[in-house]
Amino acid sequence: MAQEADFKCLRCGTITKLPYSPDAELQERACPKCKSNSMRRIKEQKEARAAK
Amino acid sequence: MAYSEVDNVSGYIGNFKVTIRKKARYVDEKQCNACGECAKVCPVAIPDEYQMGFSSRKAIYIQLPQAVPSSYVIDMKTCLGNNPIACAKCLEVCEKKCIDFDMHDEFVTVDVGAIIVAVGNDVYDPTELDEYGYRSYENVITSMEFERLICASGPTEGHFVRPSDRTTPKSIGFVQCVGSRSQKRGNPYCSNICCMNTIKDTVLLKDHYPGIDLKVFYMDIRAFGKGFEDLYMRSKAEGVQYIRGLPGDVEEDPKTGNLIVTVENTTTGKIEKHEVDMLVLSVGLLPRKDSEVVRQLLTLSKTSDGFFMESHPKLKPVDAPTRGVFLAGCAESPKDVKDSVTQASAAASRANIVLAAGKIKVEAITAHIDPDLCKYCGLCVKVCPYKAITQTDRKTKVPAKVIEAACAGCGTCGAECAFGAITMRHFQDNQIYAQIDAILEENSQNKVVVFACNWCSYAGADFAGVSRLQYPATNRLIRTMCSGRVNEDFVLYAFRKGAPIVLVSGCHFADCHYINANRQTVLRVERLWDQLEKKGIRPERLQLEWISAAEGQKFALVMREVEEMRKKVTAKEVEFTKQALAPKKKEEPKEKKEAAKTQ
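Residues numbered from 1 in each chain as written. Chains lettered and ligands numbered in written order. Predicted model: local features only at pLDDT ≥ 70, side-chain atom pairs only at ≥ 80, totals over all residues. Heavy atoms only, no water.

Caption draft 1: Structural detail: the overall build of chain B. Along the backbone of chain B there are 16 helices and 25 strands. If you take every contact in chain B between residues at least 6 apart in sequence, the share linking residues at least 24 apart comes to 68%. Put simply, chain B shows about 29,300 Å² of open surface, and 52% of that area lies on carbon and sulfur atoms. One finds the centroid of the 80 positive side-chain charges in chain B at a distance of 7 Å from the centroid of its 77 negative side-chain charges. (Helix = DSSP H or I, 4+ residues; strand = E, 2+ residues; numbered from the N terminus. Contact = heavy atoms within 4.5 Å. Areas by Shrake-Rupley, 256 points an atom, 1.4 Å probe, with all protein chains shown as cover. Lys, Arg positive; Asp, Glu negative; His and termini not counted. Charge placed at Lys NZ, Arg CZ, Asp CG, Glu CD.)

Okay, structure coming up:
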């Protein structure tokens, strides 16, 4: 099964699961509710800390 | 070069270097006179792929009767070889002594000015469509298998028989759109050829076997080419029954091997059962499985259906986005013979223009690298979709260099360079900063800064305009060649200057005119969202949107939506942003450096 991650729509605020894999090619993402492409991945806290 | 594969491609238009792997045939093709004595003694027998498994072939074989050169080849995967198991019977009988088990693959490098991609297609495997019983029932075959059975050089020498009992069928059903035009299974696109292929097959069968009963189950018949409607009418006139509706179930009568097809006739609205001796599934076309290798070698892009994308669907339908590369046949989309030949002729003509010219004219919208400012990081090399920037070397301090013949001017490299070493010869940094200044000079609180890709979203704005679609006048567009050109600092500068909302917009992923440059846009926007959030600024204030040239309505809608978002951004929030993003005292703002550089 394809990997998924949580994404937040920066237009309408919807949180949804979309296909995501760190190694996979980037995909065009759209909010299932408002169709906006401003979909931001909600990173895990550990991951966010490591990024800092 | 037959029986060969492209191993590597480097260079650019007019100067491609192609390395070709000539696969070992284990038979000297110049000596072999195709007498066939070797195949007669070969003890191996495996299903013949070319005959769709309806007949067998030997390990030493000719792939198809019309193969060029007409020479045998040994399939080493199945050959018993001469070591360690001593077979080598072919070696013994070959009078010409042209079999050589020690033959190796050869690599040949050729210089070419242009490349035509004609990789062909695969066909859909209908196994997953349980209701049709392919693989379960012997007399359910695909249209490809049908072609072999009806072919004079096929396994039955053109005598059409059904697989279960080798008898000539008295009735045949054809099921259309197998693996095509389905959102759930198979592919959503129309495979273009299946309707006419089936109509041709029915006419062919009626010619050979006038008494045969033929039924075609279809969604709708698409006979749009020259003479196609006539052939459709001819098929109907010859008594072929066209039933509108796709079968929901196929069952086999175990005694006779006949098939009972259950279908809802959508013309009458009734469920019907039809008994046929044989069922042919009209399978759709797929992009070649191994076309990904070619895509990577030639830095091509694919559309969402997996076929290669042309440079422009209307104005450059045979050109690939990479200059000097052209597409022919099903590499670009499903095509019939006529369309494939037409496109191949067009591709050959386009390639000939490149070759005949001798020189390449380059548009002056390329990147320029200042070697003194280059820090040899190589990021520009990584992001260039055209491989138009030569490799840098930090150790020997070799700066990056742009191959102008290969550069398409997307500006992705310019946006990536953190040292200001790359200047675009068009839409220069200082010009973009000046536009941001002009937009936000007055009433910045009421403005939305929109970076719009020249090819898609900017054209979408044009389309919205000519369609008289209303969108707020507070949205101000800055045109860039590609959304990949949008430097992170352009966005931050706009926020520093008081922009409540910034929108970055470009082409849909499958439509990027610069292969995959807009993927860099996503990465930059994601970095910016993180950066803004870290500084306590709402990331929502930076919006990202893919808008095509035909999506005038979407453009207008997005503009209205971001305007609504703008209204909710307070003056206090904007002021906080300005302070949060203000350069530190000692740090000179990048735009000033840029301005100083260009003065």
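Caption draft 2: Expanded view of the nonpolar core. All names here are of chain B. I436, V449, F451, V491, V502, V504 and L542 are the most contacted members of the largest nonpolar core, which totals 30 residues. Elements with a contribution of two residues or more to this core: α10 (429-440), β22 (448-453), α12 (488-496), β24 (501-506), α13 (517-534) and β25 (542-546). Ranked by residue count, the leading element in this core is α12, at 6 residues. The residues contacting V491, other than those within four sequence positions of it, are F451, V486, V502, V504, L528 and L542. If you look at the next biggest cluster of nonpolar residues, it comprises 26 residues, including V402, A406, C407 and C512. (Core = buried A, V, L, I, M, F, W, Y, C linked by side-chain atoms within 4.5 Å. Buried < 20%, exposed > 50% of the residue type's maximum accessible area, 1.4 Å probe, protein only.)

Caption draft 3: Structural context of the state of the cysteines. Residue and element names in this part refer to chain B. Evaluation of the coordinates by the stated rule reveals 1 disulfide over all chains. Put simply, C456 and C507 are joined by a disulfide, and their sulfur atoms are 2.4 Å apart. For the disulfide bridge between C456 and C507, the dihedral angle about the S-S bond is near 100°, and by the sign convention the bridge is right-handed. Separated by 51 residues along the polypeptide, C456 in the loop between β22 and α11 (457-466) and C507 in the loop between β24 and α13 bring together distant segments of the chain. Classification of C456 by relative accessible area gives buried; the value is 3%. For C384, which is in no disulfide, the shortest distance to another cysteine sulfur is to C410 and amounts to 6.2 Å. (Disulfide = S-S within 2.5 Å.)

Caption draft 4: Main features of the pattern of salt bridges. On inspection of all chains with the given rule, the structure shows 43 salt bridges over all chains. K17(B) is the partner of D111(B) in a salt bridge, and the nearest nitrogen-oxygen pair spans 2.9 Å. One end of the pair, D111(B), is in strand β7 (residues 106-112); the other, K17(B), is in strand β2 (residues 15-22), with 94 residues separating them in the sequence. Put simply, R496(B) and D489(B) hold a salt bridge, and the shortest N to O gap is 3.7 Å. The exposure classification of R496(B) matches that of D489(B), with both residues buried. Each of the salt bridges in this network shares a partner with another, and the network as a whole consists of R11(A), E545(B), K554(B) and E561(B). (Salt bridge = Lys/Arg side-chain N within 4 Å of Asp/Glu carboxyl O.)

Caption draft 5: The environment of L129(B), seen in detail. Residue and element names in this part refer to chain B. Turning to its location among the elements, L129 is positioned in the loop between β9 (121-123) and β10 (140-142). Here L129 falls in the buried class, since its relative accessible area comes to 6%. Sequence-distant contacts of L129, that is, excluding residues within four places in its chain, are made with Y124, V178, G179 and R185.

Caption draft 6: Molecular detail of the sheet that holds strand β23 (residues 475-480) of chain B. All names here are of chain B. The strand order across the open sheet built from 4 strands is β23-β22-β24-β25, with neighbouring strands paired in parallel fashion. Strands at the two margins of the open sheet, each flanked by one partner only, are β23 and β25. Going across the sheet, the axis of each strand differs from the next one's by a mean of 20°, ignoring polarity. Direction of pairing for β24 relative to β25: parallel, over a ladder of 5 bridges. Residue pairing for β25: V504 is matched across the bridge by L544. Each of β22 and β23 touches α10; the most contacted strand, β23, lies at about 175° to it. Its contacts with the sheet place α13 against β24 and β25, and it is angled at close to 160° to β25. (Pairing = 2+ DSSP bridges. Axes fitted to C-alpha atoms, helices over the stretch in contact; angles between N-to-C directions.)

These figures come from the coordinates and say nothing about function on their own.
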